[in-house]
Amino acid sequence: MSTQSTTLNSEHPIDQKLPWSTMVPVALQHVMVMYAGAIAVPLIIGGALKLPPEQIAYLLNADLFTAGIVTLIQCLGLWKFGIRMPVIMGVTFAAVGPMVAMANAGMGLPHIFGAVIASGIFTVLIAPLFGRLMKFFPPVVTGTIIATIGITLFKVGITWAGGGAKSADFGAVHHIGMAGFVLVLILMINKFGRGFVANVSVLLGLVAGYVVAASLGLVNFAPVNKAAWFSAIVPFSFGLPQFDLGSIVSLSLVMIVVLVESTGMFLALGELCDRKVDSDSLIRGLRTDGLGTLLGGIFNTFPHTSFSQNIGLVGMTGVKSRWAVACSGVILVLFGLFPKMGAIIASIPQSVLGGAGICMFGMVAATGIKILQRVNFENRNNLLIVSVSLGLGAVPMVSPDFFHSLPSWTAPLTHSGITLAAVSAILLNAFFNRSHSAAGAEHELAHSVHAE
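Here goes a summary of the coordinates provided. Residue numbers here run from 1 along each chain, matching the order of that chain's written sequence. Where local features are concerned, this predicted model is filtered to residues with pLDDT of at least 70; where side-chain atom pairs are given and counted, the filter is 80 or more; whole-chain, interface and lining totals use all residues. Excluding hydrogens and water, the side-chain values take into account all heavy atoms of the structure.

1. Overview of the overall build of the chain
Strands are runs of DSSP state E lasting at least 2 residues, helices are runs of H or I lasting at least 4, and numbering of each runs from the N terminus. Broken down by element type, the chain carries 20 helices and two strands. Its C-alpha atoms give the chain a radius of gyration of 21 Å, within 12% of the compact-globule value 22 Å for 452 residues. Projected onto the principal axes, the alpha-carbon positions of the chain cover approximately 65 × 60 × 50 Å. Buried residues in the chain amount to 54% of all 452 residues. Once local pairs closer than 6 in sequence are excluded, the contacts in the chain between residues at least 24 apart make up 84%. Here the chain displays about 19,400 Å² of accessible surface, and carbon together with sulfur accounts for 69% of that area. Taken over C-alpha atoms, the radius of gyration is set against a globule rule of 2.2 Å times the number of residues to the power 0.38. Relative accessible area decides the class of each residue, using a 1.4 Å probe on protein chains only: under 20% of the type maximum gives buried, over 50% gives exposed, and in between gives partly exposed. Only heavy atoms enter the contact rule, under which two residues are in contact if any of them lie within 4.5 Å. Computed with the Shrake-Rupley method and a 1.4 Å probe, the accessible areas treat only the protein chains shown as cover for residues.

Okay, here's the thing in structure tokens:
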């Protein structure tokens, strides 16, 4: 065996630098999975501000460009930033409500970007506080949160499979058939494929689905034809930021919610990659959410977070290399600078994405269930913690208007099932188990070892 092979085998899978022939396809499938979510927020905010099409297109390009830069920082690390795991970054949907409210109040992009910049700085400063809360995340809490992440994502996958939330023919036979075709193909590739082929099963399924959809006339190529070949991303393109205290407080509250969700996502990724997420690495990851948000305000886009969709992809493919996802960051930067490239990915029908989404998001939920196997359920209190937290986490998905009578400032908390489940699990675990936390931790560990 060569020295190079020995070195490769001694490395943790997260740190392995794969051959380019493997890394680029893996990176591309990460981008294809996150793309629809990445461009949704700029479209919504641009519409709320009634911006002309060319300015909305610029917001999209800035979004992709910034997401690529922050993904590189998160994967590879920069000083005290970056969790150095396969994490892809993008604009968070949690901030849409407050930003639309700003737009409806007559505030323009300079005010929105000012609030984004300030909330990013706030997030960088409070990240160490969240990093010290690891003791509040035993398996009964982390398993519940991760299972909730997967369950929450089911809605996204099913909506994609039906043709997309705004599809005029949502649930039509051709949408369901296309999603089913992609799903079956991915399962077949995983069953019979080996090595590289199995690693890019999602990419192969999406490409095959795209080809079939195009042959059936289900792909709209008009945006590809209209997209510009090149777009330079210049800081503060819409003017210098303006700082409004109320807007800053609103987005800062959103970022607290983002940190809770990101904590669960990082823990889920750690489980899938067999690398423990300790306090220091968690702080670096959360700090990068803040840095990404700060850069977002500078480069004309919005608050950033880690994308949970791609955590499921890591579990599906088994490719854990952070260098592969860093390659996704490079692709996103190129898409931001060369919009026509990104427009091709944007033309993938959502029903094609839905077939892949059901697999990937189920993988996240299954990871949560796997962690819950370590929990001592002979202790009925743990059953209560899981059952109540899962129930609360399902509220926004089952009944989106359930909390409509509460003050608007509570929306970032009450509209996020992941946050509701996380807060519930943490508080209930502290309430039921705090009196015997040390002994309980030892018992949980012994139970985990016995179960495995």
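Right, picking up where we left off after that structure.
2. With respect to the side chain of Ser-416
Inspection of the secondary structure puts Ser-416 in the loop between helix 18 (411–414) and helix 19 (417–433). Not counting the four nearest positions on each side in its chain, Ser-416 is found in contact with Val-257, Glu-261 and Pro-396.

3. Comments concerning the packing of helix 11 (residues 245–273) against helix 13 (residues 309–317)
Across the interface, helix 11 lies against helix 13 with an axial gap of 10 Å and an inter-helix angle of 5°. As summarised for this structure, helix 11 and helix 13 are arranged roughly parallel, according to the angle between their axes. Here Met-265, Ala-268, Leu-269, Leu-272 and Cys-273 of helix 11 lie close against helix 13, whose contacting residues are Ile-311, Val-314 and Gly-315. Across the contact of helix 11 with helix 13, the residue classes break down as seven nonpolar, one polar and no charged. Where helices are involved, their axes are fitted lines through C-alpha atoms of the stretch in contact, as for all axes, and angles between N-to-C directions lie from 0 to 180°. By definition in this entry, angles of less than 35 degrees are roughly parallel, angles greater than 145 are roughly antiparallel, angles of 65 to 115 are roughly perpendicular, and the rest are oblique. The residue classification treats Ala, Val, Leu, Ile, Met, Phe, Trp, Tyr, Cys and Pro as nonpolar and Asp, Glu, Lys and Arg as charged. All others, Gly included, are polar.

4. Digging into the packing of aromatic side chains
Put simply, two rings from Phe, Tyr or Trp (the six-membered ring, in Trp's case) pair if the centres are within 6.5 Å, and we call them stacked under 30 degrees between planes, edge-to-face over 60, tilted for the rest. Applying the stated criterion across every chain, the model contains 10 aromatic pairs. Both rings, one in Phe-65 and one in Phe-299, keep their centres 5.6 Å apart while their planes meet at 65°; by these two values the pair is edge-to-face. Here Phe-65, found in helix 3 (residues 53–76), pairs with Phe-299, found in the loop between helix 12 (279–298) and strand 2 (304–306); they are 234 residues apart in sequence, far enough to count as distant. Residue Phe-65 shares its accessibility class with Phe-299, and that shared class is buried. Centroid distance Phe-113 to Phe-238: 6.2 Å. Interplanar angle 55°. Geometry classified as tilted. Of this pair, Phe-113 sits in helix 5 (residues 109–131) while Phe-238 is found in the loop between helix 10 (222–226) and helix 11, placing the two residues 125 residues apart along the sequence. Phe-113 sits in the buried class, given a relative accessible area of 3%. An aromatic cluster of three or more residues is present, and its members are Tyr-58, Phe-113, Phe-238 and Phe-302. For a lysine, the NZ atom is tested; for an arginine, the CZ atom; a charge sits over a ring if that atom is within 6 Å of the ring centre and within 35 degrees of the ring normal. The ring of Trp-323 has Lys-17 lying over it, and the distance from NZ or CZ to the ring centre is 4.4 Å.

5. Structural notes on the pattern of salt bridges
Think of it this way: side chains of opposite charge can pair up when their charged atoms draw near. The term salt bridge refers to a side-chain nitrogen of Lys or Arg lying within 4 Å of a carboxyl oxygen of Asp or Glu. Counted under the stated rule, the structure contains four salt bridges. One salt bridge connects Asp-15 with Arg-322, and the closest N-O pair in it is separated by 2.9 Å. Of this pair, Asp-15 sits in the loop between helix 1 (3–10) and helix 2 (20–48) while Arg-322 sits in helix 14 (residues 322–337), placing them 307 residues apart in sequence. Take Arg-322: its relative accessible area is 13%, and that puts it in the buried class. Counted as one network, the salt bridges with shared partners bring together Asp-15, Arg-275 and Arg-322.

6. Points about the environment of Ile-426
Here Ile-426 shows up in helix 19. As a C-alpha pair, Ile-426 and Val-234 span 192 residues in sequence and 42 Å in three-dimensional space. When neighbours within four sequence positions are excluded, Ile-426 is seen to be in contact with Phe-136, Phe-137 and Val-141.

7. Notes on a nonpolar patch on the surface
Only residues above 30% relative accessible area that lack a salt bridge enter a patch, with like-charged residues linked at up to 9 Å and the nonpolar side chains Val, Leu, Ile, Met, Phe, Trp and Tyr linked at up to 5 Å. On the surface, a cluster of nonpolar side chains totalling about 610 Å² of accessible area is made up of Trp-229, Phe-230, Val-330, Leu-334, Phe-338 and Met-341. Inspection of the secondary structure assignment puts Met-341 in helix 15 (residues 339–346).

8. Regarding the nonpolar core
Only buried residues count toward a nonpolar core. Its members are Ala, Val, Leu, Ile, Met, Phe, Trp, Tyr and Cys residues joined through side-chain atoms within 4.5 Å. Membership of the largest hydrophobic core comes to 126 residues, with the highest contact counts inside it found for Met-99, Leu-109, Ile-112, Val-202, Phe-302 and Met-360. Take this core: its biggest share by element is 14 residues, from helix 11. Beyond its immediate chain neighbours, meaning those up to four positions away, Val-202 contacts Gln-29, Val-33, Ile-186, Leu-313, Met-316, Ala-356 and Met-360.

9. Some words on helix 9 (residues 201–215)
With 15 residues, helix 9 extends 21 Å from end C-alpha to end C-alpha; this agrees with the ideal 21 Å at 1.5 Å per step. Packed against the buried residues of helix 9 are helix 2, helix 7 (173–192), helix 8 (196–199), helix 13, helix 15 and helix 16 (350–372). Just past helix 9, the residue Gly-217 takes up positive phi, approximately 75°. Here, expected helix span is obtained from the residue count minus one, scaled by 1.5 Å.

10. A look at the packing of helix 3 against helix 14
As a packed pair, helix 3 and helix 14 sit with axes 7 Å apart at the nearest point and diverge in direction by 160°. The angle between helix 3 and helix 14 places the two elements in the roughly antiparallel class. Here helix 3 and helix 14 pass one another in a crossing that is left-handed. Side by side, helix 3 and helix 14 meet where Asn-61, Leu-64, Phe-65, Ala-67, Gly-68, Ile-69, Thr-71, Leu-72, Cys-75 and Leu-76 of the first sit next to Arg-322, Trp-323, Val-325, Ala-326, Gly-329, Val-330, Leu-332, Val-333, Phe-335, Gly-336 and Leu-337 of the second. The residue makeup of the contact of helix 3 with helix 14, split by class, is 15 nonpolar, five polar and one charged. In this scheme, a crossing is called left-handed if the near helix is turned counterclockwise away from the far one by less than a right angle; it is called right-handed if the turn is clockwise.

11. A word on the side chain of Ser-262
Turning to its location among the elements, Ser-262 is positioned in helix 11. There is a polar contact of 2.6 Å between the side chain of Ser-262 and the side chain of Asp-289. Leave out the neighbours within four places in its chain, and Ser-262 touches Leu-286, Asp-289, Thr-305 and Ser-306. Whenever two N or O atoms come within 3.5 Å, that pair is a polar contact, provided that in protein one can donate a hydrogen and the other can accept it, and provided that, for residues adjacent in sequence, both atoms are side-chain atoms.

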